[in-house]
Amino acid sequence: MRTLLTGNYAVAEAVKLSRAKVIAAYPITPQTTIVEKLAEMVEKGELDAEFIRVESEHSALAAVYGAAIAGRRAFTATSSHGLLYMYEMVWWVANARVPLVMAMVTRTIGPPWNIHTDHTDLLTMRDSGWIISMAENVQEAFDLTIQGFRISEEVDLPFTVGLDAFQLSHTAEVVEVPDQQEVDEWLPERRQSYKVLPGNAVTIGNIGPNEYTAKLRYAMAKAIEDSRKVIEKADNSFGEKFGRKYGGLVEEYRLEGAEYVVVMAGAWCGDAKDAIDRLRDEGLPIGMMKIRYFRPFPKEEIKRLEGKEVLVVDRAFSMGYMGIFGMEVSSVIGDVTNVIAGIGGVDVGVEDFEAMFRKFASRKLQRLEWWPREVFS
Amino acid sequence: MLTEVMILSFGGQGGVTAARILALAAVNEGMFAQAIPQFGAERRGSLVRSYLRLSDQPIRRHSSIKKADVLAIFAEKILKIVEVREFLRDGGITVLNAKHGIAEKSYCVDAAGIALSLNLVAAGWPIVNTAMAGAMAKPLEISIESVINAINSTFSGELARINARAAEIAYREVKKCQAGSST
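Residues numbered from 1 in each chain as written. Chains lettered and ligands numbered in written order. Predicted model: local features only at pLDDT ≥ 70, side-chain atom pairs only at ≥ 80, totals over all residues. Heavy atoms only, no water.

Things to note about the sheet that holds strand β14 (residues 337–340) of chain A
Residues and elements named next belong to chain A. Pairing is mixed across the open sheet formed by 6 strands, whose spatial order is β9-β11-β10-β13-β14-β15. Each having just a single partner strand, β9 (250–253) and β15 (368–370) make up the two edges of the open sheet. Going from strand to strand, the sheet's axes swing by 20 degrees on average, the running direction of each strand aside. Two elements, strand β10 (residues 260–264) and strand β13 (residues 309–314), share 4 bridges in a ladder whose sense is parallel. Its bridge partner being in β13, V263 is matched across the sheet by V312. Packing against the sheet, helix α12 (residues 324–333) makes contact with β10, β11 (286–291), β13 and β14, and its axis sits at approximately 150 degrees to β13. (Pairing = 2+ DSSP bridges. Helix = DSSP H or I, 4+ residues; strand = E, 2+ residues; numbered from the N terminus. Axes fitted to C-alpha atoms, helices over the stretch in contact; angles between N-to-C directions. Contact = heavy atoms within 4.5 Å.)

Written out as structure tokens, the structure reads:
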């Protein structure tokens, strides 16, 4: 069905179609309407799930962790300070190799108090063992949520879908929503080799020899490495089933013959693509490699950009160094030009990208530059 | 072709809902649409900007609209608070809940009068969003049938009926208007 949905309602719809059985969350702007909608679906009997009301984000993730080790398909959602408040459980869930899906509506970390998007909050999950994806539009947020359950359950690692505050979470766009039967065919019921249930006493994560810990981390490192293939396979088979294939860890946009390549992620990629089209019309050979998955990091894909002029546009900054994407991309291909923009939700539109890319192509950008320069000088 | 629309309203007048209804109506007609509330917390009574994009192609951009092709002004009082022309692209169209226009291409409708006549009032204010959606449909070239369908899928029962009526009357009564001296 072709319909109009906000990013948050699309995620809720995807969770419903994925037949999640346990949902727990604590409200935080701009995530709240995801779980509000899910609570409404449960209340109306449209979704056969347990909705657990909890007193904090830490408890929210702890609750779905428990549900997931009991063999249920589980979902939660949060943003910014909510994520930071559940941070201990973020690591616990990953290290315990528990599959579940969490929507992360990216929101600036305060102070100053700010509810708008940047990517710093999401990227604090970088080293934790979560599979970290980012949507460009409402349809992609919807699709990633469904794919997330399948990927997560196949590799036994938690999966997060990042979507930009307001630009996606509260923006209504055209979405193709498949029917339940189609989703059931693609996403079968969850199967897990073990179930921790009442009456079946098992300890999970108990203390053990240090070598156990090291071996478990090694297995986890291997699992997230292997998830590359699983992600690609899911993207392909989803594409066959639903007609939307994105390209796996990255999406390539107008890279044919491109001498200049922009690397970025999130909702503003759409604005940047419109800018790229304008510049291409003028004959400038520019394209984009859109990061869809930040972990596992698309190192092989990035490697293909060697020999090209690469601009990484970051919405997150690692204090004391450079943009977080900039740092990651340069770890693969060496020096890149890194622009820091849109911090704290500062609006960056098509004209801004056009001006930025023009400066980039005429080598007028510094290696590391906060955009726009005049604001920060 | 991409049409960018901005709605200026007071929080509580239903600017966000109007953008959604028109987006839904356009989608019903096979178009692509995007409805964006003012980024941030809702603030009742203060000036709110909502955005609407319509296109025959998928819409990729997500930034806010700085200058609109079509600018809708939900209350005459807004003209006294902000320089609304700053939000209008050269040669753009305005649709006003007012007696006089402000630019060359203006459309006027008494949306407050229509809302009051149908008793569409909340907390003492006329709720003008569906009347304004009906009026805006004219220059946006969206059929009134699609707007009514969108209203029916947004509201239910008597509320849907009255709101559809408001849109219908506004669609019929909206007129091209000249810039007046009173503003």
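Here the narrative resumes.
Points about the state of the cysteines
Residues and elements named next belong to chain B. In the structure shown here, the tally under the stated rule is 1 disulfide over all chains. Note on cysteine connectivity: C108 is disulfide-linked to C177, with sulfurs 2.0 Å apart. The sign of the 75 degrees torsion about the S-S bond sets the C108-C177 disulfide as right-handed. Of the two residues, C108 sits in strand β6 (residues 105–108) while C177 sits in strand β9 (residues 175–177), which places them 69 residues apart along the sequence. (Disulfide = S-S within 2.5 Å.)

A closer look at the domain arrangement of chain A
Residue and element names in this part refer to chain A. If you check the domain split of chain A, you get domain 1 (2–242) and domain 2 (250–376). Each of domain 1 and domain 2 has a C-alpha centre, and these two points are 27 Å apart. Opposite the 31 residues of domain 1 that make contact, domain 2 presents 30 residues. Taken over both partners, the interface formed by domain 1 and domain 2 buries close to 2,300 Å², and the fraction arising from carbon and sulfur atoms is 52%. Three residues stand out in domain 1 for area buried against domain 2, namely L123, R126 and E136, and they jointly supply 28% of the buried area on that side. (Domains from an automatic or database assignment. Buried area = accessible area lost by both parts, 1.4 Å probe.)

Let's talk about the interface of chain A and chain B
Taken together, the 27 residues of chain A in the interface contact 21 residues of chain B. Both faces combined, the contact of chain A with chain B buries some 2,000 Å², and carbon together with sulfur accounts for 50% of it. Three residues, R2, L4 and D347 of chain A, lead the burial of chain A against chain B; their summed loss comes to 28% of the area buried on that side. The interface formed by chain A and chain B includes 4 salt bridges. As a salt-bridge pair, R60 of chain B and D274 of chain A come within 2.8 Å of each other at their nearest N and O atoms. Linking chain A with chain B are 16 residue pairs in polar contact (both at pLDDT 80 or more). Elements with a contribution of two residues or more to the side of chain A that touches chain B: β1 (2–6), β8 (172–176) and α10 (269–281) of chain A. Residue composition of the side of chain A that touches chain B, grouped by class: 10 nonpolar, 8 polar and 9 charged. (Salt bridge = Lys/Arg side-chain N within 4 Å of Asp/Glu carboxyl O. Polar contact = N/O pair within 3.5 Å; in protein donor to acceptor, adjacent residues only side chain to side chain. Nonpolar A, V, L, I, M, F, W, Y, C, P; charged D, E, K, R; others polar.)

Concerning the packing of aromatic side chains
All names here are of chain A. Scanning the model with the defined rule gives 12 aromatic pairs over all chains in all. Seen in terms of ring centroids, Y87 and W91 are 6.0 Å apart; in terms of plane orientation they differ by 85 degrees. Their pairing is edge-to-face. Pair noted here: Y87 and W91 are both in helix α5 (residues 87–95), with a separation of 4 residues, about one helical turn. Look at W91 and you get partly exposed, because its relative accessible area is 31%. Look at F294 and F325: their rings are 5.0 Å apart centre to centre, the planes differ by 20 degrees, and that puts the pair in the stacked class. Separated by 31 residues along the polypeptide, F294 in strand β12 (residues 293–295) and F325 in helix α12 bring together distant segments of the chain. Connected via pairs of aromatic rings, a cluster forms that spans W186, F238 and F242. Here K37 stacks its cationic end above the ring of Y9, 4.6 Å away from the centre of that ring. Sitting over the ring of W113, R107 keeps its end group 5.6 Å from the ring centre. (Phe/Tyr/Trp six-rings, centres within 6.5 Å; stacked < 30°, edge-to-face > 60°. Buried < 20%, exposed > 50% of the residue type's maximum accessible area, 1.4 Å probe, protein only. Lys NZ or Arg CZ within 6 Å of the ring centre and 35° of its normal.)

Comments concerning the environment of Y65 of chain A
Residue and element names in this part refer to chain A. You can see Y65 is positioned in helix α3 (residues 57–69). Residue classification places Y65 among the buried residues on the basis of a relative accessible area of 11%. Taking C-alpha positions, Y65 is 9.9 Å from A24, a pair spaced 41 residues apart along the chain. When residues no more than four places from it in sequence are discounted, the contact partners of Y65 are M89, W92, V93, A96, V98, L100 and I204. A polar side-chain atom of Y65 sits 3.3 Å from a polar atom in the side chain of W92.

Brief notes about unusual backbone geometry
As a rule of thumb, non-glycine residues mostly have phi less than zero, and peptide bonds are mostly trans rather than cis. Residue and element names in this part refer to chain A. A cis amide bond, omega -5 degrees, links R295 with the succeeding residue P296. Tracing the backbone through its elements, the reader meets P296 in the loop between β12 and α11 (299–303). At the junction of W371 and P372, the peptide bond is cis and its omega measures out at -10 degrees in the coordinates. As for its position among the elements, P372 is in the loop between β15 and α14 (373–376). Look at R363: it is not a glycine, yet its phi comes out positive at around 55 degrees. Along the chain, the position of R363 falls in the loop between α13 (350–361) and β15.

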